[in-house]
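# Examining the three-dimensional arrangement
Okay, here's what each chain looks like letter by letter:
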Amino acid sequence: MTRTRAPRALRASQAPRRHRRPPLRRRLALTASAAVAGVALAVCAGAYAVTVYTLNRQFDLQLTQAATLAIQQHQGNGPGVQAGECRYLAAPACAQLVPASAADDPRASYLLPVTATVRQVAGRHRAPYYSTASVAGHPVRVLTTPAGEGQAMQVALRSDGVRRAERQVAGLLAVIGGAGVPVAALLGYWVSRSGLAPVTRLTSTAERITATRDAGHRIELPPGPRGREDEITRLAVSFNTMLDALEESLAAQRRLVADASHELRTPLTALRANAEILLRAERLTPRQRERATGALTRQLREVTNLVNDLIDLARDEEPQQALELVHPTALLEHAVAAARDHWPHLDFVLDTDPSAAAMLAAAVPSRLTRLFSNLLDNAAKFSPAGGRVEAAALRSPGDARLEITVRDHGPGIDPADLPHVFDRFYRARTARALPGSGLGLAMARQIAHTHGAELTAHQAPGGGALFRLRLPAGAA
């Protein structure tokens, strides 16, 4: 027997559907409509209750007045029906006197029902009370109250008019409440539509950015003073601010890619040229092969450093590494010694204050050494042959900071270039002919920021550039 598989569409239709929540606009409209309708119905119910209470209260007052008048007119009479005809709506109040004891009852017929409770009122054993009854098929309101010695007066009025007024009020309020429900639905829809209009614009803007990959779109904000913004408007302002940051970040990424490709093109071209020269090594002299090999090794090191700098700067933050208590002056001495080997034609001078040499700082040794090396290499690039690079480590007066300075005696920093010396790939006009990628100072600023330090650039007195690093530290 062959078993056939159900079609995929059938299986999909038979699978349980995942419950989807209705849209926010619909939920908000339903909530607002229910709230307005509930308030309208509650007002109608309250109005009905107040109206019924007022009608009954006035009717009871009228019945009380009729009872007082009947007692005054029939005082001293014997038990029995005294006046009125409750079968007619326009007739005056019907009244009857009831004795406290059934033995004193003249056995006369009564219009209104006489119960034991009525005789208790006649014997002053119970307070006056209101009740309802039916006379000749008509509803009446009855007041039973004491009247003289051993007697109770029962006074009744037809209540047809009150019941008819209650029904009319109920019908009118039902019509008003029924009309209020669709009005509440319209108000709820209007509230949801107007209240969520900025959210709709925000959603359409986000969808447009997703479709076009263009972060230049913004949400249009309604005109008005900034101090009167509501929550939705503040959300739109925050979204526009986020788009500004996103657009700036995308522009920075594009600049990073463009600058990186430009900076990598020159060393890669030199690498290819030297590699092609080494392919013809049999035609070169040993001196030429040595020079080509050295140039290839140096260019490989430059490209490796450039790629590492690009990777570090692309993170926009330093990688999380374990901090250690180190002597920054010892790391500075190591960096100065390495710079002397790398730049043998320059004179590197290190001045260390004994109190600064004893200071400790929480840092990543390799990254802090990289910061010092970048500052020294930058100073060496702008120093003339035989020039001097001065490094100093001093304790900052007035606080527990270690101040490290690196100075060269080169052309200095142009005032127009001073605000941009720490920007990525920024090359001053005087530095465009020098080797480097323009990432060293940007990397130094990033490392300083991660260590809670402050790195600034200044014009040195007497010429040259001066870089000052203020590093949080403490005495050993």
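Here is what the cut-offs are and how they apply
- Residues numbered from 1 in each chain as written.
- Predicted model: local features only at pLDDT ≥ 70, side-chain atom pairs only at ≥ 80, totals over all residues.
- Heavy atoms only, no water.
- Phe/Tyr/Trp six-rings, centres within 6.5 Å; stacked < 30°, edge-to-face > 60°.
- Lys NZ or Arg CZ within 6 Å of the ring centre and 35° of its normal.
- Helix = DSSP H or I, 4+ residues; strand = E, 2+ residues; numbered from the N terminus.
- Buried < 20%, exposed > 50% of the residue type's maximum accessible area, 1.4 Å probe, protein only.
- Core = buried A, V, L, I, M, F, W, Y, C linked by side-chain atoms within 4.5 Å.
- Contact = heavy atoms within 4.5 Å.
- Expected span 1.5 Å × (residues − 1).
- Arc of directions from axis to C-beta.
- Salt bridge = Lys/Arg side-chain N within 4 Å of Asp/Glu carboxyl O.
- Pairing = 2+ DSSP bridges.
- Axes fitted to C-alpha atoms, helices over the stretch in contact; angles between N-to-C directions.
- Left-handed = near helix turned anticlockwise from the far one by under 90°.
- Parallel < 35°, antiparallel > 145°, perpendicular 65-115°, else oblique.
- pLDDT = per-residue confidence, 0-100.

This next bit is on the packing of aromatic side chains. On inspection of all chains with the given rule, the structure shows zero aromatic pairs. Above the ring of Tyr129, the side-chain terminus of Arg126 is found at 5.0 Å from the ring centroid.

Moving on to the environment of His125. When you line up the elements, His125 lands in the loop between helix H3 (116-122) and strand E3 (129-135). His125 sits in the exposed class, given a relative accessible area of 68%.

Of all hydrophobic cores here, the largest spans 42 residues; its most connected members are Phe348, Leu371, Phe372, Leu375, Leu376, Phe467 and Leu469. At the level of elements, helix H8 (328-342), strand E8 (359-363), helix H10 (365-381), strand E9 (388-395), strand E10 (401-407), helix H11 (440-450), strand E11 (454-459) and strand E12 (465-472) are the ones that each hand at least two residues to this core. Leaving out residues up to four positions away in the same chain, Leu375 has contacts with Val406, Leu441, Ala444, Leu455 and Phe467. Counting 13 residues, the second-largest nonpolar core is a separate cluster that includes Phe59, Ala67, Ala70 and Val155.

If you check helix H5 (residues 197-212), its first and last C-alpha atoms are 22 Å apart, about what 16 residues at 1.5 Å a residue would give, namely 22 Å. Among all positions in H5, only Pro198, Leu202, Thr205 and Ile209 are buried. All buried residues of H5 project into a common sector of 65 degrees when viewed along the axis, lining one side. Residues of H5 that are exposed and point over 90 degrees away from its buried face: Glu207, Thr210 and Ala211. Within two residues after H5, Arg213 carries a phi angle of roughly 60 degrees, on the positive side.

With that out of the way, let us pick up the pattern of salt bridges. Overall, the coordinates contain six salt bridges when judged by the stated rule. Of the charged contacts, one joins Arg141 and Asp60 as a salt bridge, the two residues approaching to 3.0 Å between their closest N and O atoms. In this pair, Arg141 sits in strand E4 (residues 138-146) while Asp60 sits in helix H2 (residues 24-73), placing the two residues 81 residues apart along the sequence. Note on accessibility: Arg141 and Asp60 belong to one class, buried. The salt bridge involving Arg470 is made with Glu403; its shortest N-O contact spans 3.3 Å. Placement of the pair is Arg470 in strand E12 and Glu403 in strand E10, with a sequence separation of 67 residues. You can call Arg470 partly exposed: its relative accessible area is 22%. A relative accessible area of 18% means that Glu403 is categorised as buried.

Taken together, the seven bridges between E3 and E4 define a ladder with antiparallel strand orientation. For Thr132, the partnering residue across the bridge sits in E4 and is Arg141. The turn linking E3 back onto E4 is made up of two residues, and Ala136 within it adopts a positive phi angle of 55 degrees. Here seven bridges tie E4 to strand E5 (residues 151-158), and the two strands are oriented antiparallel to one another. If you follow Thr145 over to E5, its bridge partner there is Met153. Once E4 ends, the chain turns through four residues before running back antiparallel as E5, passing Gly148 with a positive phi of about 80 degrees.

Here we take up the environment of Thr329. With respect to the helices, strands and loops of the structure, Thr329 is situated in helix H8. Between the C-alpha atom of Thr329 and that of Pro354, which follows or precedes it by 25 residues, the distance is 9.9 Å. When near neighbours in sequence (up to four residues on either side) are disregarded, Thr329 contacts Thr352, Ala356, Ala357, Ala393 and Leu402.

With a phi angle near 60 degrees, Arg124 is a residue other than glycine that sits in the positive phi range. Tracing the sequence through the fold places Arg124 in the loop between H3 and E3.

Quick look at the pairing of E11 now. Direction of pairing for E11 relative to E12: antiparallel, over a ladder of six bridges. Each residue of the ladder has a partner; that of Leu455, found in E12, is Leu469. Count of turn residues in the E11/E12 antiparallel hairpin: five residues, of which Gly462 carries a positive phi of about 85 degrees.

Before going further, it helps to examine the packing of H10 against H11. Where H10 contacts H11, the two axes come as close as 9 Å, and the packing angle between them is 145 degrees. For the pair H10 and H11, the crossing hand works out as left-handed. Between H10 and H11, the residues in contact are Arg367, Leu368, Arg370, Leu371, Asn374, Leu375 and Asn378 and Gly440, Leu441, Met443, Ala444, Ile447 and Ala448, respectively.

Take the packing of H8 against H10 next. In contact at an axis separation of 9 Å, H8 and H10 are set at 50 degrees when each is read in the N-to-C sense. Comparing their axes, H10 and H8 come out oblique. The chirality of how H8 crosses H10 is right-handed. Each of Pro328, Leu331, Leu332, His334, Ala335, Val336 and Ala339 in H8 lies in contact with H10, whose residues at this interface are Pro365, Leu368, Thr369, Phe372, Ser373 and Leu376.

This brings us to the confidence of the model for the protein chain. Confidence in the prediction of the protein chain, expressed as mean pLDDT, is 78, and 78% of residues score 70 or more. Ranking the helices and strands of the protein chain by mean pLDDT puts strand E7 (residues 347-352) first, with 92, and helix H1 (residues 8-14) last, with 46. Of the regions scoring below 50 in pLDDT, residues 6-16 engages in two contacts with residues more than four places distant in sequence or in other chains.

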